[in-house]
Amino acid sequence: MEQIYTIPVNEKFEASAEDHSLGCPFCALYNMLEEDELGLILGASMMEPDVRIKTNELGFCKTHLDMMFERKNRLPFALMLESHLTELQSRIAAGGVSSLLNPGAEAIKNLSALEESCYVCGRIKRNFGMMVETAALLWEKDEEFRKKTAAQPYFCLPHYRLFLETAKARLGKKRFPDFYKVVSNIEISYLRELTDDVSWFCKKFDYRYNDEPWYNAKDSVPRALSFLSGHIHLPPEK
Ligand SMILES: [Zn+2]
Ligand SMILES: [Zn+2]
C-alpha cells in the first residue's frame, strides 16, 4: 500500500464524516494535491531544469493556467511562460522536408498533442490515483476506516466512479460486493435528498410557496454542481 497517503486519506475521510458540509473527501484530497503542485511550480520547482523541460514540453490546461495566474506569483509564472513560449516557436514553425511536402501537418500534430497535455494535471492524476487506491486498501484492512467510509456525506460523481473502479480492481470478487453496498447506499440516498432539495428550490419560485420555509433547498444548486462534477479547482485562499 502507498503508505505516504494513509495519513491524508484518513484525515480527509474523518473530516467529511464529522462535518457533512465538507462534501466529497476525494475532492478535498484533490484540492490538497493541486494546491501543492501549484505552490511547487510557482516556487521551489520553478527553476529546476528537469521540471522546466517537462513544463515546456507538456504545457498547461486552461484551468491550471488560470489558477496560476490568480495566485499572483507573477515573476516565476512569467519566467516559465517565457521558456514555454520560446519552445513553442519551433513547434509551430516546424521546418524541414516534411513542411515542404505537407505544409502545416507537423504543426497540427504537435499542437494537438499539446492541447491534450498539462504538466499539473499529469502530476495530480498520478498521485491522486494512488490516494484512491490507498482508500480502497484501507477499506479492506482497517475497521475504523470502514466506519469512516460509511459516514461519508457523498462522493462526487467522477470520484465515485473512480473509487468504484479502483476498489473493484483491488478488492476482488469476495470483498467488493460489501464495499459496493455501503458506498452505493451513501450515493443513492444523497442523490435522493439532493433531488428533493432542487425540486423544492424550483417550487419556491412559485408565489404559492412564498410563505413556505426553504428547508435545505437554498444552496441546493451549487450542491448539485459539486455532486455532478466535484468541488475542485478552488480559488486561492485570501
Ligand atoms: Zn470528489
Ligand atoms: Zn491541468
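In what follows, the accompanying structure is described. Small disclaimer: the values here were computed from a predicted structure and weren't measured.

Considering the overall build of the chain
Phase 1 of the analysis: The helix and strand tally for the chain stands at eleven helices and zero strands.
Phase 2 of the analysis: Each helix and strand of the chain, placed in order from N terminus to C terminus, yields the pattern α-α-α-α-α-α-α-α-α-α-α.
Phase 3 of the analysis: A compact globule built from 238 residues should have a C-alpha radius of gyration of about 18 Å, whereas the chain, at 22 Å, is more than 25% larger.
Phase 4 of the analysis: The dimensions of the chain, computed from C-alpha atoms along their principal axes, are 70 × 50 × 40 Å.
Phase 5 of the analysis: Burial statistics for the chain: of 238 residues in total, 24% are counted as buried.
Phase 6 of the analysis: Relative to all contacts within the chain whose residues are 6 or more apart in sequence, the contacts with residues 24 or more apart total 75%.

Some details on the nonpolar core
Phase 1 of the analysis: Among the nonpolar cores identified, the biggest contains 35 residues, and Phe26, Tyr30, Ala135 and Phe163 are the most heavily contacted of them.
Phase 2 of the analysis: With eleven residues, the top contributor of residues to this core is helix H8 (residues 119–141).
Phase 3 of the analysis: If sequence neighbours within four positions are ignored, Ala135 has contacts with Val9 and Phe163.

Here we look at helix H11 (residues 220–229)
Phase 1 of the analysis: Those residues of H11 that fall on the buried side of the exposure criterion are Ser220, Arg223 and Phe227. All buried residues of H11 lie within an arc of 60° about the axis, which places them on one face of the element. Those residues of H11 that are exposed and angled more than 90 degrees off the buried face are Val221, Pro222, Leu225, Leu228 and Ser229.
Phase 2 of the analysis: Gly230 sits one or two residues past H11 and shows a positive phi near 90°.

Focus: the packing of helix H1 (residues 6–18) against helix H2 (residues 25–41)
Phase 1 of the analysis: Running from N to C, H1 and H2 point in directions that differ by 135°, and their axes come no closer than 8 Å. Compared by their axis directions, H1 and H2 come out oblique. In this structure, the crossing between H1 and H2 has a hand that is right-handed. Contacts between H1 and H2 involve Pro8, Val9, Lys12, Phe13, Ala15 and Ser16 from the first element and Pro25, Ala28, Leu29 and Met32 from the second.

Focus: the environment of Leu111
Phase 1 of the analysis: Residue position: Leu111 is located in helix H7 (residues 105–116).
Phase 2 of the analysis: Looking at Leu111, the number of C-beta atoms within 10 Å reads 15, which means it is partly exposed.
Phase 3 of the analysis: It is 7.5 Å that separates the C-alpha atoms of Leu111 and Ile92, two residues lying 19 residues apart in sequence.

Section: unusual backbone geometry
Phase 1 of the analysis: Non-glycine residue Lys72 carries a positive phi angle of around 60°.
Phase 2 of the analysis: Positionally, Lys72 belongs in the loop between helix H4 (62–70) and helix H5 (74–92).
Phase 3 of the analysis: Judged by the 9 C-beta atoms lying within 10 Å of it, Lys72 is exposed.
Phase 4 of the analysis: Of note in this structure, Tyr215 is not a glycine but carries a positive phi near 50°.

Considerations on the environment of Tyr5
Phase 1 of the analysis: For Tyr5, the position within the fold is in the segment before H1.
Phase 2 of the analysis: Placed 215 residues apart in sequence, Tyr5 and Ser220 show a C-alpha to C-alpha distance of 32 Å.
Phase 3 of the analysis: Apart from residues lying up to four places away in sequence, Tyr5 is in contact with Met130, Met131 and Thr134.

Thoughts on the packing of helix H10 (residues 157–203) against H11
Phase 1 of the analysis: Look at H10 against H11: their axes get within 10 Å of each other, and the N-to-C directions meet at 160°. Between H10 and H11, the angle falls in the class roughly antiparallel. When the axes of H10 and H11 are compared, the crossing they make is left-handed. Within the contact between the two elements, H10 uses Leu157, Pro158, Leu194, Asp197, Val198 and Phe201 and H11 uses Ser220, Val221, Arg223, Ala224, Phe227, Leu228 and Ser229.
Phase 2 of the analysis: When the residues that make up the contact of H10 with H11 are grouped by side-chain class, the tally is nine nonpolar, two polar and two charged.

Topic: the environment of Arg161
Phase 1 of the analysis: Looking at the secondary structure, you find Arg161 in helix H10.
Phase 2 of the analysis: Arg161 sits 34 residues away from Asn127 along the chain, and the two C-alpha atoms are 17 Å apart.

The rules behind these values
- Residues numbered from 1 in each chain as written.
- Chains lettered and ligands numbered in written order.
- Predicted model: local features only at pLDDT ≥ 70, side-chain atom pairs only at ≥ 80, totals over all residues.
- Helix = DSSP H or I, 4+ residues; strand = E, 2+ residues; numbered from the N terminus.
- Rg over C-alpha atoms; globule rule 2.2 N^0.38 Å.
- Buried ≥ 20, exposed ≤ 12 C-beta atoms within 10 Å, placed from the backbone.
- Contact = placed C-beta atoms within 7 Å.
- Core = buried A, V, L, I, M, F, W, Y, C linked by C-beta atoms within 7 Å.
- Arc of directions from axis to C-beta.
- Axes fitted to C-alpha atoms, helices over the stretch in contact; angles between N-to-C directions.
- Parallel < 35°, antiparallel > 145°, perpendicular 65-115°, else oblique.
- Left-handed = near helix turned anticlockwise from the far one by under 90°.
- Nonpolar A, V, L, I, M, F, W, Y, C, P; charged D, E, K, R; others polar.

These values are about where atoms sit, not about what they do.
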